[in-house]
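Residue-level structural notes
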Amino acid sequence: MIFDFGTMLALGFALFVILAVIKTARIVPQRSNFVVERLGKFHRTLDSGFHILIPFVDKVAYQHTLKEEVIDVERQACVTKDNIQVGINGVMYIQVVDAHQASYGINDYRYAASQLAQTTMRSVIGQTDLDKTFEERSKINEEVVMALDEAAKPWGIKVLRYEISDIELPASIKDALEQQMRAERERRAAIAKSEGERQAMINVSEGQKQEVINMSEAEKQKQINEAEGRAKEIELVATATAEGLRKIALAIKEEGGQEAVNLRIAEQYVKEFGNLAKTNNTMIIPAELANIGGAVAGLSEVLKMSQPK
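Since the model is a prediction, treat every value here as computed from it, not as a measurement. (Residues numbered from 1 in each chain as written. Predicted model: local features only at pLDDT ≥ 70, side-chain atom pairs only at ≥ 80, totals over all residues. Heavy atoms only, no water.)

1. Observations concerning the pairing of strand S2 (residues 32-38)
As a reminder of what qualifies: Throughout, exposure labels follow a simple rule: accessible area from a 1.4 Å probe, protein chains only, divided by the maximum for the residue type, with under 20% read as buried, over 50% as exposed, and the rest as partly exposed. Strands are runs of DSSP state E lasting at least 2 residues, helices are runs of H or I lasting at least 4, and numbering of each runs from the N terminus. Here, a strand pair is defined by DSSP locating no fewer than two bridges between the strands.
Of all 7 residues in S2, 6 are buried; the element is thus mostly enclosed. When S2 meets strand S5 (residues 58-65), the two strands line up antiparallel, connected through 7 bridges. The partner of Asn-33 across the bridge, within S5, is His-64. Bridge count between S2 and strand S3 (residues 41-46): 5 bridges; the pairing is antiparallel. Of the residues in S3, the one forming a bridge with Val-35 is Thr-45. Two successive antiparallel strands, S2 and S3, enclose a turn made up of 2 residues, where Leu-39 displays a positive phi of approximately 55°.

2. Considering the nonpolar core
To keep things clear, this is the line we draw: Throughout this description, the term nonpolar core refers to a set of buried Ala, Val, Leu, Ile, Met, Phe, Trp, Tyr and Cys residues connected via side-chain atoms within 4.5 Å. Whether two residues are in contact is decided by their heavy atoms: any pair within 4.5 Å suffices.
Ranked by internal contacts, the top residues of the largest apolar core, which has 34 residues, are Val-86, Ile-88, Met-92, Met-121, Ile-157 and Tyr-162. At the level of elements, strand S6 (69-79), strand S7 (85-96), helix H3 (109-125), helix H5 (137-152), strand S8 (157-168) and helix H6 (171-253) are the ones that each hand at least two residues to this core. Ranked by residue count, the leading element in this core is H3, at 7 residues. Once residues lying within four places of it in the same chain are set aside, the contact partners of Met-92 are Glu-69, Val-70, Ile-71, Val-73, Ala-113, Ser-114, Ala-117, Leu-148, Val-159, Arg-161 and Tyr-162. Membership of the second largest hydrophobic core comes to 6 residues, among which are Val-28, Phe-34, Val-36 and Leu-46.

3. Here's the deal with unusual backbone geometry
When glycine is set aside, most residues are seen to have a negative phi, and most peptide bonds are trans. Its identity is not glycine, yet Leu-39 carries a phi of approximately 55°, on the positive side. In this structure, Leu-39 sits in the loop between S2 and S3. Leu-39 sits in the exposed class, given a relative accessible area of 70%. The phi dihedral of Asn-83 falls on the positive side, at around 65°, and the residue is not glycine. Among the secondary structure elements, Asn-83 is positioned in the loop between S6 and S7. For Asn-83, a relative accessible area of 65% corresponds to the exposed category.

4. Notes on the side chain of Thr-133
Rule in force here: N or O atoms closer than or at 3.5 Å make up a polar contact, with two conditions inside protein: a donor-capable atom paired with an acceptor-capable one, and, for residues adjacent in sequence, both atoms drawn from side chains.
With respect to the helices and strands, Thr-133 occurs in helix H4 (residues 130-135). Given a relative accessible area of 2%, Thr-133 falls into the buried group. Within the structure, the side chain of Thr-133 is placed 2.4 Å from the backbone oxygen of Leu-130, a separation counted as a polar contact. Ignoring sequence-local partners within four residues, the contact set of Thr-133 consists of Thr-80, Ile-125, Thr-128, Ile-140 and Ile-167.

5. Some details on the sheet that holds S6
Sheet strands associate in pairs through backbone hydrogen bonding, adopting either a parallel or an antiparallel arrangement. How we decide: Note on geometry: axes are C-alpha line fits, over the in-contact stretch for helices, and angles between N-to-C directions span 0 to 180 degrees.
Taking strand neighbours across the sheet as the criterion, the 3 strands line up as S6-S7-S8 in an open arrangement whose pairing is antiparallel. At either end of the open sheet lies a strand with only one pairing partner, and these are S6 and S8. Averaged over all neighbouring strand pairs, the angle between strand axes comes to 25°, with direction disregarded. Bridging between S6 and S7 involves 9 bridges; their strand directions are antiparallel. Residue pairing in the sheet places Val-70 in a bridge with Tyr-93 of S7.

6. What about the layout of surface pockets?
Our working rule: Here a cavity denotes grid points, spaced 1 Å and computed from the protein atoms alone, that fit a 1.4 Å probe unable to get out, and a pocket denotes an open set having protein on both sides within 12 Å along at least 5 of 7 lines; residues with an atom within 4 Å of a point are the lining. Grid points are joined across faces, edges and corners, and a volume is the space filled by probe spheres set on the points. By the convention adopted, Pro, Cys, Tyr, Trp, Phe, Met, Ile, Leu, Val and Ala count as nonpolar, Lys, Arg, Asp and Glu as charged, and the other residues, Gly among them, as polar.
The calculated volume of the largest pocket comes to roughly 240 Å³. Lining the largest pocket are Asp-131, Phe-134, Glu-135, Leu-169, Leu-177, Gln-180, Met-181, Glu-184, Arg-185 and Arg-188. Secondary structure elements with two or more residues in the lining of the largest pocket: H4 and H6. No other element matches H6, which puts 6 residues into the lining of the largest pocket. Taken together, the residues of the lining of the largest pocket break down into 4 nonpolar, 1 polar and 5 charged.

7. Examining the confidence of the model for the protein chain
Detailed reading of the predicted coordinates is not advisable wherever pLDDT is low. Stated precisely, the cut-off is as follows: In predicted models, pLDDT denotes the confidence assigned by the predictor to each residue on a 0 to 100 scale.
Chain-level pLDDT for the protein chain is 81 on average; 80% of the residues reach the 70-or-more range. Taken element by element, the protein chain is modelled with least confidence in helix H8 (residues 292-306), mean pLDDT 56, and with most confidence in S2, mean pLDDT 93.

8. Looking at the packing of aromatic side chains
What counts here: Under the pairing criterion, centres of Phe, Tyr and Trp rings, with the six-membered ring standing for Trp, must be within 6.5 Å; the plane angle then separates stacked pairs below 30 degrees from edge-to-face pairs above 60, leaving the rest tilted. Only lysine NZ and arginine CZ atoms are considered, and such an atom sits over a ring when it is within 6 Å of the ring centre and within 35 degrees of the ring normal.
Evaluation of the coordinates by the stated rule reveals 2 aromatic pairs. Summarising the aromatic geometry, the rings of Phe-42 and Tyr-104 are spaced 5.9 Å apart at their centres and angled 75° between planes, so their arrangement reads as edge-to-face. Placement of Phe-42 in strand S3 and of Tyr-104 in helix H2 (residues 99-104) is noted, with a sequence separation of 62 residues between them. Accessibility expressed as a relative area gives 32% for Phe-42, which makes it partly exposed. The exposure class assigned to Tyr-104 is partly exposed, which follows from its relative accessible area of 34%. The interplanar angle of 80° and the centroid separation of 5.4 Å between the aromatic rings of Tyr-62 and Tyr-104 together place this pair among those described as edge-to-face. Note that Tyr-62 is positioned in strand S5 and Tyr-104 in helix H2, a separation of 42 residues in sequence. Aromatic rings pair up to connect Phe-42, Tyr-62 and Tyr-104 into one cluster. Of note, Arg-161 hangs over the ring of Tyr-93, and the distance from its end group to the ring centre comes to 4.3 Å.

If you want it as structure tokens, here you go:
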């Protein structure tokens with residue numbers, strides 16, 4: 001196919017328009033900034049959206065994201081305050097806050113921030129003992145962030161966080177720490193065991209003490225109960241005896257009562273004498289064995305004298 005001059009001119013113009021549109025139209029994504037230079041000099045910063053540039057005059061020199069970026073800080077050898085060499089890996093979180101300074105303040109802000117983090121970490125670790133590098137990791141992170149953020153302000157970036165991801169110790173230090181931790185665990189176990197035995201002995205002694213108190217209280221209560229029982233028994237016996245004597249006295253006053261008493265006395269006299277003879281090998285005979293009536297009469301006389309008038 002043969003194109004005439006007019007067709008070629010039209011195609012050239014269309015190509016020129018396409019190139020002009022490509023050179024002039026710019027769409028900036030969300031959370032991004034484009035730095036525009038005009039004739040090699042900074043002109044302006046483009047925010048997110050659609051923008052038109054002057055072809056062959058304006059150009060996008062730098063493109064920056066405003067999102068938070070994660071930078072892995074390579075492992076570095078640090079010497080602690082007590083002269084122990086450790087290897088530390090870290091992670092840094094930064095964000096571009098000024099696209100102009102991030103473009104012209106430094107050549108590569110990511111590399112610069114990473115190197116600054118390493119030197120700052122070495123400085124902070126050099127002022128800290130080995131034990132505190134584990135105990136005060138958050139404090140060390142804060143000190144590194146403060147130093148980095150202050151140094152990175154001219155670069156148009158903000159250091160948000162720095163985290164120590166790993167602390168590598170020499171093999172000899174690891175063995176020493178393991179032995180120390182093992183000894184500490186054994187010491188705590190021994191203390192816990194002794195405390196347990198001590199508490200057990202205290203519990204046993206407290207139990208024995210309580211047992212003795214309970215037994216003494218029980219014995220005391222037993223004696224009180226027995227005393228009260230004996231007193232009650234004596235009271236009941238006395239009451240019954242008094243009641244019996246009162247009834248006997250009343251019976252004696254009745255008709256034929258005296259004769260009944262005499263007969264009862266004679267019977268008891270003979271019965272008790274017979275029992276006395278059974279329980280002893282020696283025979284006891286009263287001087288007036290034949291005069292039992294006189295003895296009974298004498299007892300009767302005693303009863304009469306004891307009666308109330």
